Amino acid sequence: MVRVRRSTVIDAPVDEVWRFLRDFNAHETWHPAVAESRIEEGRPVDAIGAVRRFRLREGGQLREQLLALSDRDRRLTYCILDSPLPLIDYVASFELRPVTDGRRTFWDWRSEFRAPPGQEQALAALVGEQIYEAGFDAVKRHFGQAPGVRHRPSGGSAAMQAQAIFLARYGGPE
């Protein structure tokens, strides 16, 4: 199983970023790879089970299905139904969380899929760079942030290891 995960910080409040991204068919307005998109059968853009059919600027066509959407968790999950690429059993999700030290958004985007033997690394790089990173940069531009900018800790240029803990609910130590 191939797993791809990328994350970034968007310089905008989490609710604004979620309103922008939660429309399952809006990626044609912000993702540079998508030329046109439509929801099949005229279903609402936030209906679980809705299928979007879209054409890439390079000519390929894909169909993806919305599997889950949670406004409370700011999470969206979808799968590929048809693709010119061998992304077998592809399921992806993204989740937005507020950054605690400002009016910014942490965006976590991940996927799992199977790939033909020998193509795992190339397909993982394609998904991570041409889909996720390109999408991050486009959304950053939309919110007035320079694309490709990665947040670095102040006080030096040395690399810094970071860890995060996400709490899903409060409770006891168990």
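Refer to the preceding data block for the structure.
In short, a report on the structure.

Procedures and definitions
Residues numbered from 1 in each chain as written. Predicted model: local features only at pLDDT ≥ 70, side-chain atom pairs only at ≥ 80, totals over all residues. Heavy atoms only, no water. Pairing = 2+ DSSP bridges. Helix = DSSP H or I, 4+ residues; strand = E, 2+ residues; numbered from the N terminus. Axes fitted to C-alpha atoms, helices over the stretch in contact; angles between N-to-C directions. Contact = heavy atoms within 4.5 Å. Phe/Tyr/Trp six-rings, centres within 6.5 Å; stacked < 30°, edge-to-face > 60°. Buried < 20%, exposed > 50% of the residue type's maximum accessible area, 1.4 Å probe, protein only. Lys NZ or Arg CZ within 6 Å of the ring centre and 35° of its normal.

1. So, the sheet that holds strand 6 (residues 88–99)
Next, step 1: If you walk across this open sheet you meet the seven strands as 1-7-6-5-4-3-2, and the pairing is antiparallel. Taken across any chain shown, the strands that pair with only one partner, and hence form the sheet edges, are strand 1 (2–10) and strand 2 (34–39). Neighbouring strand axes in the sheet, compared pairwise and without regard to direction, differ in orientation by 20 degrees on average.
Next, step 2: Bridging between strand 2 and strand 3 (residues 51–56) involves five bridges; their strand directions are antiparallel. By the bridge assignment, Ile-39 is partnered in strand 3 with Arg-52.
Next, step 3: Lying on the sheet, helix 1 (residues 14–21) is in contact with strand 1, strand 4 (61–70), strand 5 (75–82), strand 6 and strand 7 (104–114); it crosses strand 6 at an angle near 150 degrees.
Next, step 4: Of the strands in this sheet, strand 1, strand 6 and strand 7 are in contact with helix 3 (residues 120–142), which crosses strand 1 at around 15 degrees.

2. Considering the packing of aromatic side chains
Next, step 1: According to the stated counting rule, one finds 13 aromatic pairs in the structure shown.
Next, step 2: Aromatic side chains Phe-20 and Trp-30 sit 6.5 Å apart centroid to centroid with 50 degrees between the ring planes, which places their arrangement in the tilted category. Here the residue Phe-20 occupies a position in helix 1, and Trp-30 occupies one in helix 2 (residues 27–30), the gap between them amounting to 10 residues.
Next, step 3: For Trp-30, a relative accessible area of 13% gives the class buried.
Next, step 4: By the ring-pair criterion, three or more aromatic residues cluster together here, those being Trp-18, Phe-20, Trp-30, Phe-94, Trp-107, Trp-109, Tyr-132, Phe-136 and Phe-143.
Next, step 5: Over the aromatic face of Phe-24 sits the side chain of Arg-52, whose NZ or CZ is 4.0 Å from the ring centroid.
Next, step 6: Its end group placed over the ring of Tyr-78, Arg-52 keeps NZ or CZ at 5.3 Å from the ring centre.

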